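# Coordinate inspection notes
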Amino acid sequence: MRVERLDAQLLRFPMLASHRDQPDAQMEVLLATVHAGDHWGLGLTFSVQPGGGVAVRALVEHVLRPLVVGQNAYHTERIWAAMYQATHRLGRGIAALAIAAIDMALWDLKARVAGVPLADYLGGCRDRVLAYGSGRSSHQFDVSELVAQARAQRAEGLDGVKIRVGARPLAEDLARVRAVREALGPDARLMVDANERYTLSDALWLAPRLAELGVYWFEEPLDAEHVDAYALLARQSPVPIAVGEHLQSRHAFAAYARQGAAHILQPDVAMLGGVTEFLKIAAVADAAGLPIAPHFLHQFHIHLAAAIPNSLIVEHFPALDFLFLPEERCEVREGYMLVPRRPGFGLTPRPEAVAEYRVP
Ligand code: MG
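Residues numbered from 1 in each chain as written. Predicted model: local features only at pLDDT ≥ 70, side-chain atom pairs only at ≥ 80, totals over all residues. Heavy atoms only, no water.

## Looking at the layout of surface pockets
Considering only enclosed or pocket space, the largest pocket measures out at about 1100 Å³ in volume. Forming the boundary of the largest pocket are 44 residues, of which Met15, Phe46, Val48, Gln49 and His246 lie nearest the centre. At the level of elements, β1 (5–14), β2 (26–36), β3 (39–47), α3 (93–114) and β5 (160–164) are the ones that each hand at least two residues to the lining of the largest pocket. Along the lines of polarity and charge, the residues of the lining of the largest pocket split into 18 nonpolar, 13 polar and 13 charged. Along its surface, the second largest pocket is lined by 14 residues, and Ala224, Glu225, His246, Leu247 and Gln248 are the ones closest to its centre. With 3 residues, helix α9 (residues 250–259) is the single largest residue contributor to the lining of the second largest pocket. (1 Å grid on protein atoms, 1.4 Å probe; cavity = no way out; pocket = protein on both sides within 12 Å on 5 of 7 lines; lining within 4 Å. Points joined across faces, edges and corners; volume = space filled by probe spheres on them. Helix = DSSP H or I, 4+ residues; strand = E, 2+ residues; numbered from the N terminus. Nonpolar A, V, L, I, M, F, W, Y, C, P; charged D, E, K, R; others polar.)

## Focus: the state of the cysteines
In total, this model carries 0 disulfides according to the counting rule given. Among the cysteines around Cys330, which has no disulfide bond, Cys125 carries the closest sulfur, lying 18 Å off. Among the residues examined, Cys330 registers a relative accessible area of 12% and is labelled buried. (Disulfide = S-S within 2.5 Å. Buried < 20%, exposed > 50% of the residue type's maximum accessible area, 1.4 Å probe, protein only.)

## What to know about the domain arrangement of the protein
The domain boundaries assigned to the protein delineate domain 1 (5–115 + 350–357) and domain 2 (120–338). Relative placement of domain 1 and domain 2: their C-alpha centres are 24 Å apart. The partner domain 2 presents 37 residues to the 35 residues of domain 1 that form the contact. Carbon and sulfur atoms make up 67% of the surface buried where domain 1 meets domain 2, a total of about 2900 Å² over both sides. Between the two partners, domain 1 and domain 2, sit 1 salt bridge. In this structure, Lys280 and Glu77 form a salt bridge, with 2.5 Å as the shortest nitrogen-oxygen distance. Here domain 1 is connected to domain 2 by 10 residue pairs in polar contact (both at pLDDT 80 or more). Those elements that provide at least two residues to the side of domain 1 that touches domain 2 are β1, β2, β3, α2 (76–87), α3 and α12 (351–357). Ranked by the residues each element gives to the side of domain 1 that touches domain 2, the list is headed by α3, at 11 residues. For the side of domain 1 that touches domain 2, the residue count by class is 22 nonpolar, 6 polar and 7 charged. (Domains from an automatic or database assignment. Contact = heavy atoms within 4.5 Å. Buried area = accessible area lost by both parts, 1.4 Å probe. Salt bridge = Lys/Arg side-chain N within 4 Å of Asp/Glu carboxyl O. Polar contact = N/O pair within 3.5 Å; in protein donor to acceptor, adjacent residues only side chain to side chain.)

Encoded structure:
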């Protein structure tokens with residue numbers, strides 16, 4: 001099965017109010033579609049930094065497309081290696097984003113041709129995965145809005161809720177976490193995400209206090225490049241440390257695993273080079289006894305989390321729901337997200353959304 005065409009469409013749209021720090025924050029999404037005969041496959045990557053998507057599109061169109069078109073679509077490992085080598089001197093960065101969108105599209109195509117969900121195509125460990133609510137906790141919310149959002153997500157059947165910290169004084173953030181814990185009761189999973197905003201000393205101060213509130217994990221307290229500092233923190237923290245959404249290769253995850261620098265790994269398939277690399281990262285984590293809780297993109301990650309033995313939970317983050325057909329939304333029931341039964345990722349871009357947000 002030869003790849004006959006690779007299309008790249010860039011979309012730019014305002015970020016949801018619940019997940020932005022500036023009122024005019026925008027997000028860019030690059031949709032990559034591969035075509036082979038009557039079949040097609042869809043992959044995607046994203047940037048919350050303006051211009052990132054434009055740069056990714058340029059890489060796809062000028063550097064990667066010639067390496068993909070004409071190739072056997074089943075040879076995802078070979079195509080991945082060619083894309084890696086062609087961009088190695090650029091560093092991982094946006095190269096890993098561009099490779100991700102194409103690699104995801106190729107895997108989607110293969111599973112669509114086989115007529116099975118990607119989760120099944122990859123080996124199928126389970127039919128549903130625990131899911132927690134995310135992406136609805138702005139720093140700009142006051143405590144009552146924060147609590148209302150958390151309660152709403154629990155009411156929708158999600159197993160837990162994540163809230164963001166790190167933009168206010170430590171004691172104030174701690175009070176916000178406490179208010180949400182009191183509202184949810186002692187049994188709901190409650191995750192806290194600092195988006196790399198703390199120093200090691202802040203994180204060491206906060207970790208035992210979060211543990212007292214029964215926080216399930218403390219996410220990205222520090223810049224994810226600082227693996228040594230994470231190792232110091234993870235050794236002392238009574239609350240599990242989660243990290244990974246900014247890491248872009250199996251080597252970066254292996255460094256965390258070797259150093260015991262995290263308790264939960266959070267790879268993002270669209271950030272780290274696609275399905276091919278994600279599966280290797282899951283194996284690296286498994287060998288170290290570490291669970292995988294993928295970052296963002298539940299529409300895509302539900303299939304990967306269902307296909308690996310060491311997945312923990314998926315992040316239900318509704319920011320991109322509007323891009324796909326409404327009937328394709330992932331179903332959540334009694335704390336779990338169900339694996340969709342449509343072939344591939346089972347996602348179709350909604351034509352109205354593409355028309356409205358397309359960047360020429
Ligand atoms: Mg995060």
